[in-house]
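# A look at the structure
The residues making up each chain are set out below.
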Amino acid sequence: MLGLDNIERVKPGGLELKDRLVSVNRVTKVTKGGRAFGFSAIVVVGDEAGTIGFGLGKSKEVASAIAKAVEDAKKNLVKVPVMNHTIPHQSTARYGGADIFLRPASHGTGLIAGGAVRAVLESAGIHDILSKSKGSSNPHNVVKATFKALLDIRRPEEIARMRGVSLSKVFNG
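Parameters and conventions
- Residues numbered from 1 in each chain as written.
- Predicted model: local features only at pLDDT ≥ 70, side-chain atom pairs only at ≥ 80, totals over all residues.
- Heavy atoms only, no water.
- UniProt positions renumbered as here; feature names shortened; annotations may be inferred.
- Axes fitted to C-alpha atoms, helices over the stretch in contact; angles between N-to-C directions.
- Helix = DSSP H or I, 4+ residues; strand = E, 2+ residues; numbered from the N terminus.
- Parallel < 35°, antiparallel > 145°, perpendicular 65-115°, else oblique.
- Left-handed = near helix turned anticlockwise from the far one by under 90°.
- Contact = heavy atoms within 4.5 Å.
- Pairing = 2+ DSSP bridges.
- Salt bridge = Lys/Arg side-chain N within 4 Å of Asp/Glu carboxyl O.
- Buried < 20%, exposed > 50% of the residue type's maximum accessible area, 1.4 Å probe, protein only.
- pLDDT = per-residue confidence, 0-100.

Looking at an unreviewed UniProt entry, one finds the protein named Small ribosomal subunit protein uS5, with Chryseobacterium turcicum as its source organism. Quoted verbatim from the Sequence similarities (unreviewed entry) heading of the UniProt record, the comment on the protein is "Belongs to the universal ribosomal protein uS5 family." UniProt lists a comment for the protein under the heading Subunit (unreviewed entry), and it reads "Part of the 30S ribosomal subunit. Contacts proteins S4 and S8."

Here's what the structure looks like:
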């Protein structure tokens, strides 16, 4: 999906997936017979327990564009690390002109995110996080940058195994 190797892909079977519409864009094609309108939709699906995916759908009607986007999103499901309703460590990512910064937050902070970033984080089941979106506000690139930032995050167990130390040593130095 975004060219990362440590992605844990997930099959949609048996998951209780909820879809969130991020944006619908009306596109116009000018032909000799006049203007032909179409719609493109970007949707994020997730089980609110760390499994998320995004998809793009295009059609002449809004409803079928959204339906196509949901089907595409279900084909691209990935697992992201969620610990105590936040992320294990901070992460930044850039996709196109969109620059995303994610930082874990203590319990009760809430979801400090706007627009497309909020839709992705809510679908992942993250409730306490600080985020900042810089650069482009294009929803397509913001969603992809957020996914890239979430997929760059490594689980503490994985870091402990790679370093050959105990889990408590990773957290407490």
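## With respect to the packing of helix 2 (residues 115-124) against helix 3 (residues 139-151)
Interhelical geometry of helix 2 versus helix 3 gives an angle of 40° and a closest axis separation of 8 Å. With respect to helix 3, the element helix 2 is oriented oblique. Considering only the axes of helix 2 and helix 3, their crossing is right-handed. Of helix 3, the residues touching helix 2 (which contributes Ala116, Val117, Val120 and Leu121) are Pro139, Val142, Val143, Thr146, Phe147 and Leu150.

## With respect to the sheet that holds strand 7 (residues 98-104)
Strand pairing in a sheet is mediated by backbone hydrogen bonds. Such pairs are either parallel or antiparallel. Read across the sheet, four strands follow the order 6-7-9-8 without closing on themselves; strand pairing throughout is mixed. Since the sheet does not close on itself, it has two edges, and those belong to strand 6 (91-95) and strand 8 (111-112), each with one partner. Against the sheet, helix 3 touches strand 6, strand 7 and strand 9 (129-135), its axis set at about 140° to strand 6.

## Here we look at the sheet that holds strand 2 (residues 18-31)
If you trace the five strands from one edge of the open sheet to the other, you get 1-5-4-3-2, paired in antiparallel fashion. Strands at the two margins of the open sheet, each flanked by one partner only, are strand 1 (8-9) and strand 2. In this sheet, strand 3 (residues 34-46) lies alongside strand 2 in antiparallel orientation, the contact comprising 13 bridges. Residue threonine 28 lies in a different strand from strand 3, and its bridge partner there is phenylalanine 37. Packing against the sheet, helix 1 (residues 62-75) makes contact with strand 2, strand 3 and strand 4 (51-59), and its axis sits at approximately 145° to strand 4. Across the sheet, helix 3 is in contact with strand 2, strand 3, strand 4 and strand 5 (78-79); its angle to strand 4 comes to roughly 160°.

## Description of the pattern of salt bridges
The final tally for this structure, using the stated rule, is five salt bridges. Here lysine 18 makes a salt bridge to glutamate 48, at a shortest N to O gap of 3.5 Å. Of this pair, lysine 18 sits in strand 2 while glutamate 48 sits in the loop between strand 3 and strand 4, placing them 30 residues apart in sequence. Note on glutamate 48: relative accessible area 31%, which makes it partly exposed. A salt bridge links glutamate 122 to arginine 20, with the shortest nitrogen-to-oxygen separation between them at 3.1 Å. Here arginine 20 lies in strand 2 and glutamate 122 lies in helix 2, a separation of 102 residues in the sequence. A relative accessible area of 28% places glutamate 122 in the partly exposed class. Through salt bridges with shared partners, a single ionic network connects Lys18, Arg20, Glu48, Arg118 and Glu122.

## Here's the deal with the confidence of the model for the protein
Looking at the protein, the pLDDT average stands at 90 and 96% of residues meet or exceed 70. Of all the helices and strands in the protein, helix 5 (residues 167-172) carries the lowest mean pLDDT, 76, while strand 6 carries the highest, 96.

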